[in-house]
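Observations on chain architecture
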Amino acid sequence: MENHLLIGLGGTGGRVLAAFRKLMYERFNGEVKPKDLWLDYLYVDSSEQDLKMKDPAQWSVMGNNIALDADSIVKIPAANLADYVNNRSRFPYLAPWLGNSDDWRNIINDPKISEGAAGQKRRLGRLLFANGAPEFNRLK
């Protein structure tokens, strides 16, 4: 039997996982993990609000909650972005894709970023994930 792991990265990834779980629920009579299929989910995000999965329009189907279990969720921590950008030489594994430090000024000052969310900015999501990779790697 094949193993399947669906990984959702960020808010869009979470929405895709929710839509897929709805589809599974509808096709397999209320099962989001059918018994004859080894299937699991992993949702990785920096937004605490999104990880709460409280939106019933997204995380419920036919009045039933389809939110993920706590062991399927990884919150990547907020990072001190200014420290990474201003001290690039201390982070050689990040420097190649950080680009020009001046390009990050507006991002650093974005209020949504100060709350820890990547704000749909792919490079920032990569930075947050890199910052949280040790915790991700400790998952069993």
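The following paragraphs examine the structure supplied in this document. Since the model is a prediction, treat every value here as computed from it, not as a measurement.

Rules used in this analysis
Residues numbered from 1 in each chain as written. Predicted model: local features only at pLDDT ≥ 70, side-chain atom pairs only at ≥ 80, totals over all residues. Heavy atoms only, no water. Helix = DSSP H or I, 4+ residues; strand = E, 2+ residues; numbered from the N terminus. Expected span 1.5 Å × (residues − 1). Buried < 20%, exposed > 50% of the residue type's maximum accessible area, 1.4 Å probe, protein only. Arc of directions from axis to C-beta. Contact = heavy atoms within 4.5 Å. Phe/Tyr/Trp six-rings, centres within 6.5 Å; stacked < 30°, edge-to-face > 60°. Lys NZ or Arg CZ within 6 Å of the ring centre and 35° of its normal. Salt bridge = Lys/Arg side-chain N within 4 Å of Asp/Glu carboxyl O. Pairing = 2+ DSSP bridges. Axes fitted to C-alpha atoms, helices over the stretch in contact; angles between N-to-C directions. Polar contact = N/O pair within 3.5 Å; in protein donor to acceptor, adjacent residues only side chain to side chain.

**Focus on helix α1 (residues 10–27)**
- Compared with an ideal rise of 1.5 Å per residue, which puts 18 residues at 26 Å, α1 spans 26 Å between its outermost C-alpha atoms and is within 8% of the ideal.
- Every buried residue of α1 is listed here: G11, G13, G14, L17, A18, R21, M24 and Y25. Buried residues in α1, looked at end-on, bunch into an arc of 155°, giving them a common side. Facing away from the buried side of α1 by more than 90 degrees, the exposed set consists of V16 and R27.
- Contacts from the buried residues of α1 go to β1 (3–9), β2 (38–45), α2 (48–51), α3 (56–59), β3 (60–61) and β4 (64–65).

**Focus on the packing of aromatic side chains**
- A complete count under the given rule lists 2 aromatic pairs for this structure.
- Over the ring of Y41 we find R21; its NZ or CZ atom is 4.6 Å from the centre of that ring.

**Examining the pattern of salt bridges**
- Taken as a whole and judged by the stated rule, the model has 2 salt bridges.
- Its salt-bridge partner being K35, residue E31 comes within 3.2 Å of it at the nearest N-O pair.
- On the basis of relative accessible area, E31 is assigned to the partly exposed category, the value being 29%.
- The class of K35 is exposed, set by a relative accessible area of 72%.

**As for the sheet that holds strand β5 (residues 73–75)**
- Read across the open sheet, the 3 strands follow the order β1-β2-β5; overall the sheet is parallel. Every interior strand has two partners, whereas the edge strands, β1 and β5, have only one. The mean angle between the axes of side-by-side strands here comes to 15°, regardless of whether they run parallel or antiparallel.
- Here β2 pairs with β5 via 3 bridges, running parallel. Along β5, the bridge assignment pairs V44 with V74.

**Notes on the environment of S47**
- With respect to the helices and strands, S47 occurs in the loop between β2 and α2.
- A relative accessible area of 13% means that S47 is categorised as buried.
- Separated by 29 residues in sequence, S47 and I76 place their C-alpha atoms 8.3 Å apart.
- Among the polar contacts listed, one links the side chain of S47 to the backbone nitrogen of D50, at a separation of 3.2 Å.

**Quick word on the environment of N64**
- Following the sequence through the fold, N64 ends up in strand β4.
- Sequence spacing of N64 and Y25 is 39 residues, and the spatial spacing of their C-alpha atoms is 9.5 Å.
- Polar side-chain contacts of N64 include one of 2.5 Å to the side chain of Y25.

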